[in-house]
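Residue-level structural notes
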Amino acid sequence: MPFSARTSTSLGRHRKKPGAGKWSERLFLFTIIAILAGAVPARAHVGSPDIYADGKAGPYRLFVTVRPPLVIPGVAEIEVRAEDTGTDAPAISGIQIAPIPLTGPASLHPPVADPMKQSAQDKHFFTGALWIMASGSWQVRFTVQGSQGAGVLSIPVPATSSSTRGMQTGLGVLLGSLGLLLVAGVIGIVGAAARDAQLPPGAVASRQATKRAWIAMGGALVFMIAAVWFGNVWWKGEADNYARYVYKPLTMQALLEQSPNAGPSLKLKIEDPGWLKSRKIDDLVLDHDHLMHLYFIRKPGMDVVYHLHPEQIAPGEFQLALPSIPAGTYSLYADVVHATGFPETLVAQLTLPVIAGRPLTGDDAKGLAQALNPARVDGNSCPASLITRSSFPLPDGYTMVWDNPGILPAKTPQIFGFSLLDVKGKPASDTALYMGMLGHAAFVKDDGTVFAHVHPSGTVSMAALMMAAAQNRTGASKADEMASMPGMAMPAASNAPTKLPNTVGLPYGFPAAGAYRIFVQMKHGNTIETAAFDACAAASRN
């Protein structure tokens, strides 16, 4: 990972002042040890492309799983489970699905919807598939019919080609052999035509005719070699043209700066390596109150985590006055959302000395946990020392509990439930919304290959979800839209205070087998609590 070496303007000015003494020493120290982040790939939910969402289509509550295609155009696989299963629950008789661009004129003209298939064994489970024809920000619109009428739910789907699929070796050998046979056949036909076409039946070809045949076959060989060469050039051109549409994430550089007046700060610079022309870096929109949600996670033990919110100071540039941070190397994951609803997670690494910074304020929060044991067999197995605890004691005497811990196969959707208990072990009665939600979580694989920022509504960005919901709720207010999403109640919008539950459910599925740490954040009163739980995902059943 490349490191850059740059000092801030304020730093340079300060070093010229005589008698700066201690600050000069600090600045010099920062100049030496400010190790800057290299640009590394970013993705929307690093290593976790599948979409898990919990929402309501009118009276029907649905748990949606969308598995986007690896290449575009491609087929997205979709699963829906009706979550209301009691005797009085509304019965669903059918679901139709349609792919629609999330924004733009085409979003107003949905195609004819396709019906989902209802399981014969489980009437609450539906499956379907949709073609996604272009990269960008899409939504899948679910139209539900049931015992209580119709309902609509739209789930955002960021669609990108993540790779170019290579040809299987066996298929390549087969097609190559058939191609050689075709070439040989063409040459043989040309030779036979030149030699025998004018011979009467039973006559033997003359030496002149045989010579003519060899000349014709030589010409045919040259023609076929040229045809194969031009075909290869055309195919390579098409492949190169397609490669331009393979997702190229925004890159992010992190720069530690020091100012004698403002203290240590972090500067983030975003650059576009080139992908779709429609992508911009100056069109970011608020996602639950912030343009950027930045996670600092110390490597390799994941024992320190910060959830911070840098401010944009210019297009593609963010700045953050750093809080006090222990020394170490940190993985940085920055979530942003474009005006099209397309989310991206920008990634960088940063090695820091001990930072004596500002106190945490506003929505910024931190958590401390026992370091993970780095000893493990490989990235797809869990270390023998992994301890899956169901409760996490918090610094102020509260406790957070994982309600349904256990080993879960990868790619299996589940709602991860967590509860907040007070100092007496009772359900917390002062639960508060944290950035408009009952909780946030970051699912991080121990080798750093997976990061997913999850909310009660699922893995989709809240900004994109509200864009999609707005198209289905003509005339609805923002509070109405958020109140329809699980874990997104907004008591301030009602006349009477509403006591919030002390539990939160977070829809997610581990993308691969291995060990994960789940950072869960809930709030009570003015205190933001951060707990850490360790989980093990088994191999996928598929």
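Described below are features of the structure shown in this document. In every chain, residue numbers begin from 1 and rise along the written sequence. Under the rules for a predicted model, residues below a pLDDT of 70 receive no local features and side-chain atom pairs below 80 are neither given nor counted, while totals for whole chains, interfaces and linings still include all residues. With hydrogens and water stripped out, all remaining heavy atoms of the structure feed into the side-chain values.

Axis geometry follows a simple rule: fit a line to the C-alpha atoms, using only the stretch in contact for helices, then measure angles between N-to-C directions, giving values from 0 to 180 degrees. Only runs of H or I of at least four residues qualify as helices and only runs of E of at least two qualify as strands under DSSP, and these elements are numbered from the N terminus. Relative orientation of the contacting elements helix α3 (residues 169-196) and helix α4 (residues 207-243) amounts to 150°, with a least axis distance of 8 Å. Relative to α4, α3 is oriented roughly antiparallel. In this structure, the crossing between α3 and α4 has a hand that is right-handed. Every residue of α4 that contacts α3 at Val183, Val186, Ile187, Val190, Gly191, Ala194 and Arg195 is listed here: Ala209, Thr210, Arg212, Ala213, Ala216, Met217, Ala220, Leu221 and Met224. In the scheme used here, Gly and all other residues not listed as nonpolar or charged are polar, with Ala, Val, Leu, Ile, Met, Phe, Trp, Tyr, Cys and Pro taken as nonpolar and Asp, Glu, Lys and Arg as charged. Split by residue class, the contact of α3 with α4 holds 12 nonpolar, two polar and two charged. In what follows, roughly perpendicular refers to angles from 65 to 115 degrees, roughly parallel to angles under 35, roughly antiparallel to angles over 145, and oblique to any angle outside these ranges. Note: crossing handedness is left-handed where the near helix turns anticlockwise from the far helix by less than a right angle, and right-handed where it turns clockwise. When checking whether two residues touch, look at their non-hydrogen atoms; a contact exists if any pair is within 4.5 Å.

In space, the five strands of this open sheet follow the order β1-β2-β3-β7-β6, with antiparallel pairing throughout. Only two strands of the sheet have a single partner each, and these edge strands are β1 (51-57) and β6 (117-118). We call two strands paired when DSSP finds no fewer than two bridges between them.

The pairing test for Phe, Tyr and Trp rings, Trp by its six-membered ring, is centres within 6.5 Å, and the orientation test on the planes gives stacked under 30 degrees, edge-to-face over 60, and tilted for anything in between. If you walk through the whole model with that rule in mind, you get 20 aromatic pairs. Measuring from centroid to centroid gives 6.1 Å for Phe443 and Phe510, while their planes differ by 65°, and the two rings are edge-to-face. Taken together, the positions of Phe443 in strand β24 (residues 440-445) and Phe510 in the loop between β26 (503-508) and β27 (514-524) put the pair 67 residues apart, joining distant regions of the chain. Between buried and exposed lies partly exposed: a residue is buried under 20% and exposed over 50% of the maximum accessible area for its type, with that area taken using a 1.4 Å probe on protein chains only. Under the relative-accessibility criterion, Phe510 is labelled buried at 1%. Cluster of aromatic residues (ring-pair linked, three or more members): Tyr52, Phe392, Trp402, Phe416, Phe418, Phe443, Tyr508, Phe510, Tyr516 and Phe533.

A few words now on the environment of Ala339. With respect to the element layout, Ala339 can be found in the loop between β16 (328-337) and β17 (343-352). For the pair Ala339 and Ala464, spaced 125 residues apart in the sequence, the C-alpha separation amounts to 8.7 Å. Those residues in contact with Ala339 that lie beyond four places of it in its chain are Thr103, Asp283, Val285 and Met467.

Take Lys523: it is sitting in strand β27. At 5.1 Å, Asp363 is the nearest oppositely charged side chain to Lys523, a buried residue that forms no salt bridge. Contact partners of Lys523, with chain neighbours within four places excluded, come to Leu420, Asp430, Thr431, Ala432, Leu433, Tyr434 and Ile528. Counting rule applied: Lys, Arg positive; Asp, Glu negative; His and chain ends not counted. Any carboxyl oxygen of Asp or Glu within 4 Å of a side-chain nitrogen of Lys or Arg constitutes a salt bridge here.

This brings us to the side chain of Arg141. You can see Arg141 is positioned in strand β8 (residues 136-146). Two N or O atoms form a polar contact when they lie within 3.5 Å of each other; inside protein one atom must be a possible hydrogen donor and the other a possible acceptor, and for residues adjacent in sequence the pair counts only when both atoms belong to side chains. Among the polar contacts listed, one links the side chain of Arg141 to the side chain of Gln471, at a separation of 3.4 Å. The contact partners of Arg141, leaving out residues within four places of it in the chain, are Gln96, Ile97, Ala98, Ile100, Pro110, Val152, Leu153, Ser154, Gln471 and Asn472.

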